[in-house]
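Listed here are the chains, written in short residue letters.
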Amino acid sequence: MGKNLGIALDLGTSGIRGQAVDMDSGAVHSTCLSLFHPLPGANVMDHLHFALDFGESSATGILRAAVNKIIQGLDVPVHNVVRVAVCGNPIQLSLFQGLSIKDLAYAGSRKLSTTKTFVPDRDGMILHGDQLPGLHLPDRCRVIIPPSVSHAVGADALAMILQSDLLHQKNTVLVTDYGTNAEMALCHGGRIITASAAAGPALEGQHLSCGMPAAPGAMTGLDARPGKGYRTSVLDNGMLPVQGPYINLERPGPVTGERRTIKGVTGAGLVAVLFEAIRAGHIRLPRILTPDTRLHIGNNLYIDEADLMAAGRAIGAIRAGHLTLCHEAGIGYGQIETMYMAGATGLYLNPLKAGHIGLLPSGATSIVQTGNTSLKMARDLVLDREKLGRMQDAARRLRPDHCMLASSEVFKKIYLLELAFWTEGMPMDRYRSLLARYGLEDIPLQNAPPRVRQETREHRHSGPGVTVIENIGQVVYRSFPGCTGCGACEEICPNIALTVKDEKTGPLLSLDQARCAGAACKRCERACTESVMTLDTFFGG
């Protein structure tokens, strides 16, 4: 390992991923990732509301403290770090920098103008380490922040577009980052239309009964083996998929004779399970038909009907987004020729299985899996900071059309069809007939299987490999006068974020902010038998 080190950071909505890079050789020394985002909430809007409600400086402090944990987990001498590059969506990058995010709470320039909201400069920039208080970096270290394209299109979307070379494509091309916010862009006839679908965290392996993000021990794939059951794929310590144990979807039980164990299921693994279960008749939407209405992926690991619904909402949001972009471009879904699959989920998804359940355009003849384009862009900036200028030029030239799905009547109609398909079992024939009634293009059937190319794989490491941080956030303790310690709030918490402890002075509640679903949930408040517990109390400093 050389004396000069760089760190690439991807501030994702569901977690943070960092890589230590040898500046001399370009080799990746180590990777560190978190299983959760340090701020409460399941999506970027939850993070925005938390920052606005409880203080942007507080949210910045929490985020920088989490980045410190990631840097520490990389196991490198910090005094040798000379360059850090950070990529992410506008909310994450702004909080990291300490910029105001009030303007990001509004959609469109008209609202910004009428409310006279200040819009900070989100062009690319290079900062000194000491310009980011609370971040444990040497003063001589330079921190590179890539630019946003516009109010609605951030550095992560720009990275996705550039890493897919969308600006130079001559065919009709669609790129999608299969994450919580599901950024997507369609290139057709020299026009690039972008959008972002609020898919939720299911496809990143979060907020599932036994889910986890892509990390060592996570199940990413499943294949039927006649007479043997189902052979799993599991990530090894180098983040590469290898053969895992056999499982039986219909019943739980330990798997003997296998060295590798499954710790949880990723979004890619979830998609593979759904495909195989639907094909085998274990799922007839919206129900799981096994004896205990669960799909078992090992001992004490399973997917239940709540997970099925979460997956359906995510898949439905993405397909509805794809169809809406096609409508905006004036083309049919079958006219998309090439599909780029971005993000960790996009890297590990089986494209053929993903296509069968609605995550890919059925007519695409070529599929390219590009992986985590945000982290890849950060790594490129670490090794060549001159690329920042080229990114800035591209951002200024791009100025793409942005389709606000939340206000699109076409998206609303299609997403309602998706919900009916996934949560009510509406037949696909009925779905397609309603598309025609709405005057929208049909979903063509898959003809020949597409060509698949994996453009990038996770790096082999020259150092310790991959470190996973489970406790990335802050744990806050509070007591509430009148609390009886009944535990109803703890029991109902969907993410095991809340714990009740008996102390001499009375019940003491602890909240792991990173696991908490935030203000959008508040099941704990509603479950309080004495109506004395308030979730906001845990966030007030």
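Conventions adopted
- Counting restarts for each chain, with residues numbered from 1 along the sequence as it is written.
- Owing to the predicted nature of the model, reporting of local features is limited to residues with pLDDT of at least 70; listing and counting of side-chain atom pairs is limited to 80 or more, with chain, interface and lining totals taken over all residues.
- Only heavy atoms go into the side-chain values, all of them from the structure, while hydrogens and water stay out.
- Runs of E in the DSSP output that reach at least two residues are strands. Runs of H or I that reach at least four are helices, and both are numbered from the N terminus.
- Restricting the calculation to C-alpha atoms gives the radius of gyration, and the globule rule supplies 2.2 Å times the number of residues raised to the power 0.38.
- Burial classes follow relative accessibility: with a 1.4 Å probe on protein chains only, a residue under 20% of its type's maximum area counts as buried, one over 50% as exposed, and anything between as partly exposed.
- Contacts are residue-level and defined by heavy atoms, with any inter-residue pair within 4.5 Å sufficient.
- Only four residue types enter the tally: Lys and Arg on the positive side, Asp and Glu on the negative side, with His and both chain ends excluded.
- Charge positions are represented by NZ for Lys, CZ for Arg, CG for Asp and CD for Glu.
- Pairing of aromatic rings covers Phe, Tyr and Trp, the last through its six-membered ring, and needs centres within 6.5 Å; plane angles under 30 degrees mean stacked, over 60 mean edge-to-face, and all others mean tilted.
- Salt bridge, as used here, is a side-chain nitrogen of Lys or Arg placed within 4 Å of a carboxyl oxygen of Asp or Glu.
- The criterion for a disulfide is a pair of cysteine sulfur atoms lying within 2.5 Å.
- To estimate the expected span of a helix, count its residues, drop one, and scale the result by 1.5 Å.
- By definition, two strands form a pair when at least two bridges between them are found by DSSP.
- Joining through side-chain atoms within 4.5 Å is the link that ties buried Ala, Val, Leu, Ile, Met, Phe, Trp, Tyr and Cys residues into a set, and such a set is a nonpolar core.
- Angles run from 0 to 180 degrees between N-to-C directions of axes, and those axes are lines fitted to C-alpha atoms, restricted for helices to the stretch in contact.
- A 3.5 Å cut-off defines polar contacts: any pair of N or O atoms within that distance qualifies, except that in protein one atom must be a possible hydrogen donor and the other a possible acceptor, and neighbouring residues in sequence count only when both atoms are side-chain atoms.

Caption draft 1: Quick look at the overall build of the protein chain. A count of helices and strands for the protein chain gives 15 helices and 25 strands. Relative to the 2.2 N^0.38 estimate, which gives 24 Å for 541 residues, the radius of gyration of the protein chain is 23 Å and therefore close to what a compact globule would have. A total of 541 residues make up the protein chain; the buried ones form 58% of that total. Within the protein chain, residue pairs in contact and separated by at least 24 positions form 68% of the contacts whose partners lie at least 6 positions apart. Side chains of the protein chain carry 52 positive and 50 negative charges; the gap between the two charge centres is 3 Å.

Caption draft 2: Focus on the packing of aromatic side chains. If you walk through the whole model with that rule in mind, you get seven aromatic pairs. Ring geometry for Phe-50 versus Phe-539: centroids 5.3 Å apart, planes at 85°, classification edge-to-face. In this pair, Phe-50 is assigned in helix α1 (residues 44-54) and Phe-539 in the segment after α15 (523-527), connecting sequence segments 489 residues apart. The burial state of Phe-50 is the same as that of Phe-539; both residues are buried. Geometrically, the ring pair formed by Phe-421 and Trp-422 is edge-to-face, given 5.4 Å between the ring centres and 90° between the ring planes. Among the residues examined, Trp-422 registers a relative accessible area of 1% and is labelled buried. Put simply, the rings of Phe-50, Phe-54 and Phe-539 pair up and form one aromatic cluster.

Caption draft 3: Quick peek at the pattern of salt bridges. The final tally for this structure, using the stated rule, is 16 salt bridges. The closest approach of N and O atoms between Asp-384 and Arg-390, which form a salt bridge, is 3.0 Å. We classify Arg-390 as partly exposed; its relative accessible area is 46%. Of the charged contacts in the structure, one is a salt bridge between Arg-432 and Asp-442, with a shortest N-O distance of 2.7 Å. Of the two residues, Arg-432 is situated in helix α13 (residues 428-437) and Asp-442 in the loop between α13 and β21 (451-454); the sequence distance between them amounts to 10 residues. Residue classification places Asp-442 among the partly exposed residues on the basis of a relative accessible area of 34%. By sharing partners, the salt bridges in this structure join Asp-223, Glu-276, Arg-279 and Lys-353 into a single network.

Caption draft 4: The arrangement of the side chain of Ser-148 in detail. In this structure, Ser-148 sits in the loop between β6 (142-145) and α5 (155-163). By relative accessible area, which is 11% here, Ser-148 ends up buried. In this structure Ser-148 touches Pro-90, Arg-122, Val-153, Gly-154, Ala-155 and Ala-395, once residues within four positions along its chain are discounted.

Caption draft 5: Expanded view of the state of the cysteines. Within this structure, the stated rule accounts for zero disulfides. Sulfur of Cys-32: no disulfide; nearest cysteine sulfur belongs to Cys-141 and is 17 Å away.

Caption draft 6: Highlighting helix α6 (residues 267-280). Between its first and last C-alpha atoms α6 spans 20 Å; for 14 residues at 1.5 Å apiece the expected length is 20 Å, and the two agree. Turning to α6, its buried residues are Gly-267, Ala-268, Gly-269, Leu-270, Val-271, Ala-272, Val-273, Leu-274, Phe-275, Glu-276 and Ala-277. Looking one or two places after α6, you find Gly-281, whose phi comes out positive at around 85°.

Caption draft 7: Local environment of the pairing of strand β18 (residues 338-342). Taking burial as the measure, the five residues of β18 include five buried ones, the bulk of the element. Where burial is concerned, the two faces of β18 agree: the one with Thr-338, Tyr-340 and Ala-342 and the one with Met-339 and Met-341 are both buried. Here strand β7 (residues 173-177) runs beside β18; their pairing, made up of five bridges, is parallel. When the sheet's bridge partners are listed, Val-175 is paired in β18 with Tyr-340. One ladder, built from five bridges, connects β18 with strand β19 (residues 366-371); its direction is parallel. Across the sheet, Thr-338 pairs through a bridge with Ser-366, a residue of β19.

Caption draft 8: Up close: the nonpolar core. Ranked by size, the top nonpolar core spans 178 residues in total, and within it Phe-96 and Phe-538 carry the most contacts. Element by element, the count of residues in this core is highest for helix α7 (residues 305-329), at 13 residues. Ignoring any residue separated from it by four or fewer positions in sequence, one finds Phe-96 in contact with Leu-11, Thr-60, Leu-63, Arg-64, Val-67, Val-86, Leu-132, Leu-135, Val-143 and Ile-145.

Caption draft 9: Broad picture of the sheet that holds strand β13 (residues 264-265). Here we have four strands laid out as an open sheet, ordered β12-β11-β10-β13, and mixed in their pairing. Of all strands in the sheet, those with a lone pairing partner are β12 (241-247) and β13, marking the two edges. In the sheet, strand β11 (residues 229-235) pairs with β12 via five bridges, with the strands oriented antiparallel. From the neighbouring strand, Leu-235 faces β12, where its bridge partner is Pro-241. Together, β10 (218-225), β11 and β13 form the strand contacts of α6, whose direction differs from that of β10 by roughly 25°.

Caption draft 10: The side chain of Arg-478, seen in detail. Along the chain, Arg-478 falls in strand β23 (residues 475-478). Among buried charged residues, Arg-478 stands out as having no salt bridge; its nearest opposite-charge side chain is Asp-536, 11 Å away. Here Thr-537 takes part through its backbone oxygen, which lies 3.0 Å from a polar atom of the side chain of Arg-478.

Caption draft 11: Summary view of the environment of Ser-209. Here Ser-209 is to be found in the loop between β9 (191-196) and β10. For Ser-209, a relative accessible area of 32% puts it in the partly exposed group. Sequence-wise, Ser-209 and Asp-304 are 95 residues apart; in three dimensions their C-alpha atoms are separated by 7.2 Å. Discounting chain neighbours no more than four positions away, the residues touching Ser-209 are Tyr-302, Asp-304 and Asp-307. Within the structure, Ser-209 has its side chain in polar contact with the side chain of Asp-304 (distance 2.9 Å).

Interpretation note: all reported values are geometric properties and have no functional meaning in isolation.
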